[in-house]
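What follows is each chain in one-letter form.
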6 protein chains.
Amino acid sequence: MKKVVTFGEIMLRLSTERHLRFSQANSFLATYGGSEFNVAVSLSNFNIPTEFVTAVPDNELGARALEEVRKKNVGTNCIIKNGKRLGVYYLETGASSRASSVLYDRDDSSFGTINANTINWDEIFNDAQWFHWSGISPGVSQNAADICLEAVKAAKEKGIMVSCDLNYRAKLWNYGVAPSEVMPNLLKYSDIVLGDIDTACLMTGKEKINPDYNNHYSLPEAYRYFLDSFPNIKLMATTLRYSVNASHQKIGGVIYDTNKTYFARLREVIPVVDRVGSGDAFMGGLIFGLISQPNNFQYAIDFAAAACCLKHSISGDYNLVSIAEVEKLINGNEAALVAR
Amino acid sequence: MKKVVTFGEIMLRLSTERHLRFSQANSFLATYGGSEFNVAVSLSNFNIPTEFVTAVPDNELGARALEEVRKKNVGTNCIIKNGKRLGVYYLETGASSRASSVLYDRDDSSFGTINANTINWDEIFNDAQWFHWSGISPGVSQNAADICLEAVKAAKEKGIMVSCDLNYRAKLWNYGVAPSEVMPNLLKYSDIVLGDIDTACLMTGKEKINPDYNNHYSLPEAYRYFLDSFPNIKLMATTLRYSVNASHQKIGGVIYDTNKTYFARLREVIPVVDRVGSGDAFMGGLIFGLISQPNNFQYAIDFAAAACCLKHSISGDYNLVSIAEVEKLINGNEAALVAR
Amino acid sequence: MKKVVTFGEIMLRLSTERHLRFSQANSFLATYGGSEFNVAVSLSNFNIPTEFVTAVPDNELGARALEEVRKKNVGTNCIIKNGKRLGVYYLETGASSRASSVLYDRDDSSFGTINANTINWDEIFNDAQWFHWSGISPGVSQNAADICLEAVKAAKEKGIMVSCDLNYRAKLWNYGVAPSEVMPNLLKYSDIVLGDIDTACLMTGKEKINPDYNNHYSLPEAYRYFLDSFPNIKLMATTLRYSVNASHQKIGGVIYDTNKTYFARLREVIPVVDRVGSGDAFMGGLIFGLISQPNNFQYAIDFAAAACCLKHSISGDYNLVSIAEVEKLINGNEAALVAR
Amino acid sequence: MKKVVTFGEIMLRLSTERHLRFSQANSFLATYGGSEFNVAVSLSNFNIPTEFVTAVPDNELGARALEEVRKKNVGTNCIIKNGKRLGVYYLETGASSRASSVLYDRDDSSFGTINANTINWDEIFNDAQWFHWSGISPGVSQNAADICLEAVKAAKEKGIMVSCDLNYRAKLWNYGVAPSEVMPNLLKYSDIVLGDIDTACLMTGKEKINPDYNNHYSLPEAYRYFLDSFPNIKLMATTLRYSVNASHQKIGGVIYDTNKTYFARLREVIPVVDRVGSGDAFMGGLIFGLISQPNNFQYAIDFAAAACCLKHSISGDYNLVSIAEVEKLINGNEAALVAR
Amino acid sequence: MKKVVTFGEIMLRLSTERHLRFSQANSFLATYGGSEFNVAVSLSNFNIPTEFVTAVPDNELGARALEEVRKKNVGTNCIIKNGKRLGVYYLETGASSRASSVLYDRDDSSFGTINANTINWDEIFNDAQWFHWSGISPGVSQNAADICLEAVKAAKEKGIMVSCDLNYRAKLWNYGVAPSEVMPNLLKYSDIVLGDIDTACLMTGKEKINPDYNNHYSLPEAYRYFLDSFPNIKLMATTLRYSVNASHQKIGGVIYDTNKTYFARLREVIPVVDRVGSGDAFMGGLIFGLISQPNNFQYAIDFAAAACCLKHSISGDYNLVSIAEVEKLINGNEAALVAR
Amino acid sequence: MKKVVTFGEIMLRLSTERHLRFSQANSFLATYGGSEFNVAVSLSNFNIPTEFVTAVPDNELGARALEEVRKKNVGTNCIIKNGKRLGVYYLETGASSRASSVLYDRDDSSFGTINANTINWDEIFNDAQWFHWSGISPGVSQNAADICLEAVKAAKEKGIMVSCDLNYRAKLWNYGVAPSEVMPNLLKYSDIVLGDIDTACLMTGKEKINPDYNNHYSLPEAYRYFLDSFPNIKLMATTLRYSVNASHQKIGGVIYDTNKTYFARLREVIPVVDRVGSGDAFMGGLIFGLISQPNNFQYAIDFAAAACCLKHSISGDYNLVSIAEVEKLINGNEAALVAR
């Protein structure tokens, strides 16, 4: 099978234990993750060959990040050594009415300082069927935004599928441009977009509307409103997330394929073990569904939502479930029985 | 007071921490447990004298298992040294929509390789009022099944009470016989059986029916259907468990005494700290109730269900609550107040 | 801004991890807390200058307790060296239907053995606007009760505000007097009291009534009944706590200002990370609200209840939230979104 | 075989991890120990039946201490419930040039407040061959000193062997008497004493001498000097400890049997894992040696010194080695080979 | 560069922390290792391409073992799924005079039950320059011994270098044959052997001699004595290990190339962090040295001994040092300076 | 007493546990330190009033760093909020022949980006008797170097004592200048310098000599050689460190007061718990000695060396010993006795 290529930053994540606040931490759990890497791991777990394009520094933390990619059986052939530091983010895991909080320390990271024309996209895409990127990368630095554009253009030239998770992060986009100055041009080269309509409008400079995600009848119109500006986008998917509190969520999803909506039913998640990366788990599930059953959008959205749901029970950035486990959840909740 | 004797395997349990998946574990918590040992610990906590019959290897892990039995004030006089290895099971504790998972590594264990006629049941039962076994033991090996039969026969000859928890485990019964070839003969010598009717039918080869546990009127008929084949069984009890997800359960119970049902009211359990052994906590509570108030079946089922409920809040295989704590829960939930 | 002075015991708290029972603990987490210290920390987090009056022993644990006070930017000028031991309390954190449990080991502590006339209250209150004490201190020892009386009298002479959290603890009051012999005299010198009406009656020897906290119309009458005996009390506040189980609470609050009630809406707390000190978080929020917006009782009760609610998500005795975080919760639950 | 009875306090030990200072500790390891209990555990490991006489409070920590005794297969029949608190000691484990440090919090403990005539020594000694006590107990409280006297008198009446470890602790003896007012009377009823000569003089009020433990020729004279006052003492043993630093010790030993000295060769101990209880390991080894080979004093001192040496590698108060392991060390150091 | 292929078992290693004895362990650190895998990891760290041939079960532990191989950049193409369980070994890390201890639980493992003719050695060796095996594999089971023979024969047919670490383990060889019945035939196909002469004699049935490793003059004669029977062996190397105690070792090494000895100087190792796998680190260093500078035996032995020395500072089975770090140690001990 | 002011960076230190390599770390211990802060903590422990001048970011990590300063009773009045990130350094603690390793991630930190003329040194020094800086600060950035110069000039104008620890760090000095371009000008305003002569030459551009620190006679000449260029320097001190390996050091010290040398005797340190900050402990001891006994250079060097020695037993960057503990070590090693 041809590969799915993802491009993005892999960071050291330093998280507090036992819901401790940053000020209480005498130690941090050290794991590695990043939105587009997380998607690649999901796909690798679903037996899809993958290649992850990124940069790490030539030091011990860079080497460790590389080991993490290799360990999860994600391709490492396109990881370059660059720059001086691995991006870091600190995570304080909330509970109940206290939200989780992220403190980024990723300025001037290896990923953010890759020079344009460093990556040979043409070669990378030779053996690929799909390219995935997210709105985080162009939010990191001008360099990263430039390389995103190189990538999506090259992908489209090769005729491979391009997916984008909008992934708006308010704490990024600090290098002097607004998302709306960058994203529209990138989205022009994308086929599938994950994100809610308001975020999509915000990142592309379109006027905000207020779609009612519970209204199955009015929703297509809202998607059409946004997609009018991006006729190239063939499919738009949205995670439906209703947050009761930081420990209690309800997760569903919807796909709009330019004329029809497909819904995954809402599932309760309580308690949340680790919410970070649940959107990436959704994205990974979506790509898997669309690759394995290309014309079955109902399967894709069901798989994406169930994978996302399961991710909330798993520590760390990336999902760790098998196709069988996702399908078991789709087919009825047997999670409650100890498998023995 | 005369002793309650239980017979079964004690294993090393290696469990992941913080809901980690097996693949994420850099360490395992090491505790010791096993269904019939867990029942003995419950009874010991309720001040009932106990004796636990098992085998452990003559190595450091066997010695440690023995220490565990002694520490919980369960009798160790009938524990023999046998075989080469202590059975092990790995436990991955699920959360929310992800189920817990057990990986057995118990083949050729000390317990499973005890030879027939090794244990002097006659002597063991001299000072006993009750013998408890479960459907796990005959599922482990032919040897263990044979010794179960020795035990129940000897118990019946001595005229002591025999209870059985059906405890069906799909991952056992690998040694070449089906439960239905073994269990009927063992159940013939048992007075009290814990298990739901479908499991009972499955393990005895009876055709499955679909009792509605919410229908208090139809339930006696369902019990009668099964007990028709086992007129010796005087009492059948069932844990009523409604699993919302791996972290959220509802627990009740029912006793059928050949002509009447007694129900314990459903209680919500959220979050589940450790579900493993909750059935054993139910069994321990049931035996205690029946011993301390022999004719008060309502007390027995209330005590069993409340003990089971509390077990979900306790790490490790066995329950760790006092009579007073169980009765406090029966008499109204004061669990919410800090005792200070 | 003038200081808020609090007086009470600071203890070493030894708590079990992962909901373990005392008998399972192979280690204890060591933190430091105590009701009135916790209130001071809350206020310090809200940028109110504070001074904490207490005694610690002249040993390593006393020095460590002192460091804790200093670290949280609470004033340490009035902490004396006295006696031989730091009070200790052991905490077993419950879950679901199993309540948390506290084991006090605080007899003959440095705090409980301070001699009368040791503390120069007159000097302490020179720079103060508020004095806070709780019903724990007079329950510890006769010495502590005597000093409480010195303190409230001195405070009233200086004309500064005096608040009291009734904080009834059944496991205290062992030194030979009943609360009702001590508290009425202390409450005479207090302006603001936190506690429910029944506890207030119990601790002052008034006949118990059964107010219906859900009945907004009848509640003022119930407050009036109690306050008839304490015309000096200008404001009475009550935490409204509905405990579903040890992990699931609903938290609200009410202020009665001698002719009107102000309610904070109920919020669900699930799961509870650490409930101990949530009353102190309420008290700290209440004092902050009353200091920052003296005539806005609705703000005070909203702030107190939201601070209390957030405390349930935080390990350790004292609250660790900012004004902004409390106000965010008051203005709508955004806790569910990861801040990134 | 008849039992060895020991009498003393069992305490909760709270120790810092990783050589942290008390001020750095965010948690404490919780274990249980006490000199005379440690001796009993050593003997139990050497397959000698034992009985430990002590008192614990009727609370969770008392119950846990009791479990510890039971777990190590030490007799619990003579443990009484008494008083209000379990004695506690805090341990900071030093390293290199920084000494370990102990902070006692054992005033008014269950053990220290046992009333005279509470313990039926006559019955206890019926099945005993040996009674062991140490100089810690009479240093704890007048009550404990009184009961020690009851015990040694009763033991001598029964004609059983009495051994004493002098165990001088400068931080005890706070209740108003000096060791020299108490110990001579107790030592009158003892047959075997462990301790160095200077400590023995200090605790009995004899003028100090300066024996040269390296001078095999002069040493008997020094022992005779002390034993002149205690003609009842048949055997005196001394641990020879040369401390290079807190992590590096040299351990040997000597027995003087009223006319001859027997030396165990010095062994290097580096690094020290846990030194606390190494004297008790020596004592346990000595008693075992004298019981198993009554006339072979060389074996006794070799066994005691080797057991002591091994204890330094073991965390916690009590030794955890088998006869075979001690004898392997006596017969040549094979410790350096991994047993596999 | 062509690959080095190693063949052996990879096991789950469960080790106690902080020098705890097995009986004290409440948790085990979980790592993965095995002699021949450890050699492959060393080589991978030294940038030599490797392939590891083994079998793992088709369960979560097998998958995790596979991840470990992949993570360390060791080739996984020849790892098969076989059998029912991953071999396990428990490790108690000693200290000072207490030796480390290993408890094997590897009977009937996936590796030990591979059937003959399952592995296509011919294909595996197509791209290989070197094959390494050890005396552990034929000690595990008849199957493993048979496959070893297949492998060395196939390697010799391809003309690639074969190295063997004798690795005598007293706790293996339980399946009914002695090493001397199996090893001679295997060593006939080996070019380089690591082990001391006595072990070599023991495993091949030759009469034991007592070579003096400190006598550089007599040593060649001793090697010749053994190699007389194995003229095919071109090079024999021995780790020189002088064990002061479990925490203090002296490490050197010697190569004998059929007419000359090359010595690496002794280095002190204190303290030992983890000794397990230090022989494998030696072997890995030896192979690296011989591959990178084929005719420089002095470099090879220096590199092997220094790598071995460094391994003692590293937790887990396999070595984790770079060429630069080994060479730094060879060229003078700079280990004492913090690199900053 | 007037204050000692120190100026430098406080960083988050993320260190691996149990001597793990960076690649093995699944968590990092989080502590806070920095050379000049460490000196201030030492002095605070010795009851000297201190003020620490630095900058931290306005985020949770900055707030936590500030708490650390406050907790150790070091003055926080001159700590400013500046810039975007707290400097971080990762520490891998070596053992035996493997050196510890530091990975800096401190570029663009709050400290390194303070603007010149931001700090009001004149006001800070009003209440000061001493100013301490180190060669780390000018190695961080041009800004930091500029502020160092402001500080030493202002200090000299106020006539207060200025001390400097040369603290050469090869991994710093990356901003485009060599130490020799910056340090000479800074040292002109310093009275006391800590460092060895070769480092002093390196950092000031003087030709290197090779003093023999063991030759008490020749040493003064070597100091004179360096001090010829810096006649303002009244006292030069050097830590004498002989590193056997990463776990075994020998520590002494020497002061040269322009015509005489004073030596502290060498002490063995084994094992090393944490070497980082031992130079700062030396510096702190030196300043304390010179302040408390201004004319007793022998006391100063003895105190400095003993404090340094003790630091090796303490985890974290800064020393945690009392005057009494240091003096106990000076007066003879009693470290080997447990204080109880």
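Everything numeric in this text was worked out from a predicted model, so none of it was measured.

### What about the overall build of chain A?
Line of reasoning, step 1. Across its full length, chain A carries 11 helices and 13 strands.
Line of reasoning, step 2. Scaling as 2.2 N^0.38, a compact globule of 340 residues should have a C-alpha radius of gyration of about 20 Å, and chain A matches this with 19 Å.
Line of reasoning, step 3. Each of the three principal axes of chain A carries a C-alpha extent, and together these read 50 × 50 × 40 Å.
Line of reasoning, step 4. Within chain A, the fraction of its 340 residues that count as buried is 68%.

### A word on the interface of chain B and chain A
Line of reasoning, step 1. Contact with chain B, which involves 27 residues of that partner, is made by 24 residues of chain A.
Line of reasoning, step 2. For the chain B and chain A pair, buried surface summed over both sides reaches about 2,200 Å², with 54% attributable to carbon and sulfur atoms.
Line of reasoning, step 3. When residues of chain B are sorted by the area they lose upon contact with chain A, R18, R21 and S97 of chain B head the list and together hold 25% of the total.
Line of reasoning, step 4. Connecting chain B to chain A are 1 salt bridge.
Line of reasoning, step 5. A salt bridge links R21 of chain B to E325 of chain A, with the nearest nitrogen and oxygen atoms 2.7 Å apart.
Line of reasoning, step 6. Taken together, chain B and chain A are joined by 6 residue pairs in polar contact (both at pLDDT 80 or more).
Line of reasoning, step 7. Among the elements of the structure, β7 (101-105) and β11 (235-245) of chain B are those that each provide at least two residues to the side of chain B that touches chain A.

### Here's the deal with the relation of the copies chain B and chain A
Line of reasoning, step 1. Screw-axis analysis of chain B against chain A gives a translation of 0.0 Å along the axis, an RMSD of 0.0 Å, and a rotation angle of 120 degrees. In symmetry terms, the pair is related by a three-fold rotation axis. No C-alpha of chain B lies nearer the rotation axis than that of P271 of chain B, which sits 4.3 Å from it.
Line of reasoning, step 2. Of all interface residues in chain B, a mere 4% are interface residues in chain A too; the two copies therefore contact each other through different surfaces.

### Some remarks on the side chain of S278 of chain E
Line of reasoning, step 1. With respect to the element layout, S278 of chain E can be found in helix α9 (residues 278-292).
Line of reasoning, step 2. S278 of chain E has contacts with R241, C308, K311 and H312 of chain E, leaving out every residue within four places of it along the chain.

### As for the confidence of the model for chain A
Line of reasoning, step 1. Averaged over chain A, the pLDDT score is 95; the fraction of residues at 70 or greater is 98%.
Line of reasoning, step 2. Overall fold confidence (pTM) sits at 0.96, and the ipTM for the predicted complex is 0.94.

### Re the sheet that holds strand β12 (residues 248-256) of chain A
Residues and elements named next belong to chain A.
Line of reasoning, step 1. Ordered by their spatial adjacency, 9 strands build an open sheet running β5-β4-β1-β8-β9-β10-β11-β12-β13, and the pairing between neighbours is mixed. Because the sheet does not close on itself, it has two edges, and the strands there are β5 (79-81) and β13 (261-269). Direction aside, neighbouring strands of the sheet carry axes that sit 15 degrees apart on average.
Line of reasoning, step 2. Relative to the sheet, helix α1 (residues 35-45) contacts β1 (3-7), β4 (50-56) and β8 (128-134), its axis offset from that of β1 by approximately 160 degrees.
Line of reasoning, step 3. Where helix α9 (residues 278-292) meets the sheet, its contacts fall on β1, β8, β9 (161-165), β10 (192-194), β11 (235-245) and β12, and the angle it forms with β8 comes to roughly 160 degrees.

### Topic: the pairing of strand β7 (residues 101-105) of chain C
All names here are of chain C.
Line of reasoning, step 1. Burial of β7 is extensive: 5 of the 5 residues sit out of reach of the surface.
Line of reasoning, step 2. Both strand β6 (residues 88-92) and β7 contribute to a ladder of 5 bridges, which runs antiparallel. In the sheet register, Y90 faces β7, and the bridge partner there is L103.

### Focus: the relation of the copies chain D and chain B
Line of reasoning, step 1. The transform that puts chain D on chain B rotates by 180 degrees and translates by 0.0 Å along the axis, for an RMSD of 0.0 Å. On the angle and the small slide along the axis, the relation comes out as a two-fold axis. No C-alpha of chain D lies nearer the rotation axis than that of K71 of chain D, which sits 2.1 Å from it.
Line of reasoning, step 2. The overlap is high: 100% of the interface residues of chain D also sit at the interface in chain B, so the same surface is used on both sides.

### Description of the sheet that holds strand β2 (residues 11-15) of chain F
Line of reasoning, step 1. Overall, mixed pairing links the 8 strands, which are arranged β7(A)-β6(A)-β2(A)-β3(A)-β3(F)-β2(F)-β6(F)-β7(F) in an open sheet. In this open sheet, the two strands that pair with only one neighbour each are β7 (101-105) of chain A together with β7 (101-105) of chain F. Averaged over all pairs of adjacent strands, the angle between their axes in this sheet comes to 30 degrees, without regard to strand direction.
Line of reasoning, step 2. By the bridge criterion, 5 bridges tie β2 of chain F to strand β3 (residues 27-33) of chain F in an arrangement that is antiparallel. From the neighbouring strand, M11 of chain F faces β3 of chain F, where its bridge partner is G33 of chain F.
Line of reasoning, step 3. Where helix α2 (residues 60-71) of chain F meets the sheet, it contacts β6 (88-92) and β7 of chain A together with β2 and β3 of chain F, and its direction lies at approximately 60 degrees from that of β3 of chain F.

### Some details on the interface of chain D and chain B
Line of reasoning, step 1. Counting from both sides, the interface comprises 5 residues of chain D and, opposite them, 5 residues of chain B.
Line of reasoning, step 2. If you sort the residues of chain D by the area they bury against chain B, E67, R70 and K71 of chain D come out on top, with a joint share of 79%.
Line of reasoning, step 3. At the junction of chain D and chain B, the tally comes to 2 salt bridges.
Line of reasoning, step 4. Taking the shortest distance from any N to any O, the salt bridge between K72 of chain B and E67 of chain D comes out at 2.5 Å.
Line of reasoning, step 5. On inspection of chain D and its partner chain B, the count reaches 6 residue pairs in polar contact (both at pLDDT 80 or more).
Line of reasoning, step 6. Split into classes, the residues belonging to the side of chain D that touches chain B amount to no nonpolar, 1 polar and 4 charged.

### Section: the environment of T6 of chain B
Residue and element names in this part refer to chain B.
Line of reasoning, step 1. Residue position: T6 is located in strand β1 (residues 3-7).
Line of reasoning, step 2. Its relative accessible area of 0% is what places T6 among the buried residues.
Line of reasoning, step 3. For T6, the residues in contact, after removing those within four places along its chain, are E36, F37, V39, A40, E51, F52, V53, F131 and H132.

### As for the packing of α9 of chain A against helix α10 (residues 297-311) of chain A
Pairs of packed helices are described in terms of their axes, by the angle between the two and the distance that separates them.
Residue and element names in this part refer to chain A.
Line of reasoning, step 1. At a minimum axis distance of 7 Å, the contact between α9 and α10 shows a crossing angle of 150 degrees. The orientation of α9 relative to α10 falls into the category roughly antiparallel. The element α9 and its partner α10 pack so that their crossing is right-handed. Contact with α9, carried on its side by S278, A281, F282, G285, L286, F288, G289, L290 and S292, involves F297, Y299, A300, I301, F303, A304, A305, A307, C308 and K311 of α10 and no other residues of that element.
Line of reasoning, step 2. A per-class count over the contact of α9 with α10 returns 14 nonpolar, 4 polar and 1 charged.

### Focus: the side chain of N319 of chain E
All names here are of chain E.
Line of reasoning, step 1. Take N319: it is sitting in the loop between α10 (297-311) and α11 (323-330).
Line of reasoning, step 2. For N319, a relative accessible area of 2% gives the class buried.
Line of reasoning, step 3. Not counting chain neighbours up to four residues away, the residues in contact with N319 comprise V41, S42, N45, A281, A307, L310, K311 and I314.

### Things to note about helix α8 (residues 219-227) of chain A
Side chains of residues three or four places apart in an α-helix project in the same direction, reflecting 3.6 residues per turn.
All names here are of chain A.
Line of reasoning, step 1. Of all the positions in α8, only L219, P220, A222, Y223, F226 and L227 are classed as buried. Viewed end-on, α8 has its buried residues packed into an arc of 160 degrees, placing them on one side of the element.
Line of reasoning, step 2. Buried positions along α8 lie against α6 (179-187), α7 (197-204), β11, β12 and β13.

### Concerning the pattern of salt bridges
Line of reasoning, step 1. Evaluation of the coordinates by the stated rule reveals 90 salt bridges over all chains.
Line of reasoning, step 2. A salt bridge links K3 of chain E to E51 of chain E, with the shortest nitrogen-to-oxygen separation between them at 2.7 Å. With K3 of chain E in strand β1 (residues 3-7) and E51 of chain E in strand β4 (residues 50-56), the pair connects residues that are 48 residues apart, well separated along the chain.
Line of reasoning, step 3. The partly exposed category is assigned to K3 of chain E, whose relative accessible area is 22%.
Line of reasoning, step 4. What you see here is one network of salt bridges that share partners, running through R21, E92 and R98 of chain A together with E325 of chain C.

### Some remarks on the pairing of strand β9 (residues 161-165) of chain E
Residue and element names in this part refer to chain E.
Line of reasoning, step 1. Counting buried residues along β9, 4 of its 5 residues qualify, which places the element largely inside the surrounding structure.
Line of reasoning, step 2. Relative to strand β10 (residues 192-194), β9 runs parallel, the two sharing 3 bridges. Note on β10: the bridge partner recorded for C164 is V193.
Line of reasoning, step 3. Between the parallel elements β9 and β10, the chain passes through helix α6 (residues 179-187) in a crossover that is right-handed.

Reading guide: rules and limits
Residues numbered from 1 in each chain as written. Chains lettered and ligands numbered in written order. Predicted model: local features only at pLDDT ≥ 70, side-chain atom pairs only at ≥ 80, totals over all residues. Heavy atoms only, no water. Helix = DSSP H or I, 4+ residues; strand = E, 2+ residues; numbered from the N terminus. Rg over C-alpha atoms; globule rule 2.2 N^0.38 Å. Buried < 20%, exposed > 50% of the residue type's maximum accessible area, 1.4 Å probe, protein only. Contact = heavy atoms within 4.5 Å. Buried area = accessible area lost by both parts, 1.4 Å probe. Salt bridge = Lys/Arg side-chain N within 4 Å of Asp/Glu carboxyl O. Polar contact = N/O pair within 3.5 Å; in protein donor to acceptor, adjacent residues only side chain to side chain. Least-squares fit on C-alpha atoms with pLDDT ≥ 70 in both. pLDDT = per-residue confidence, 0-100. Pairing = 2+ DSSP bridges. Axes fitted to C-alpha atoms, helices over the stretch in contact; angles between N-to-C directions. Nonpolar A, V, L, I, M, F, W, Y, C, P; charged D, E, K, R; others polar. Parallel < 35°, antiparallel > 145°, perpendicular 65-115°, else oblique. Left-handed = near helix turned anticlockwise from the far one by under 90°. Arc of directions from axis to C-beta. Right-handed = clockwise from strand over helix to strand, strands pointing away.

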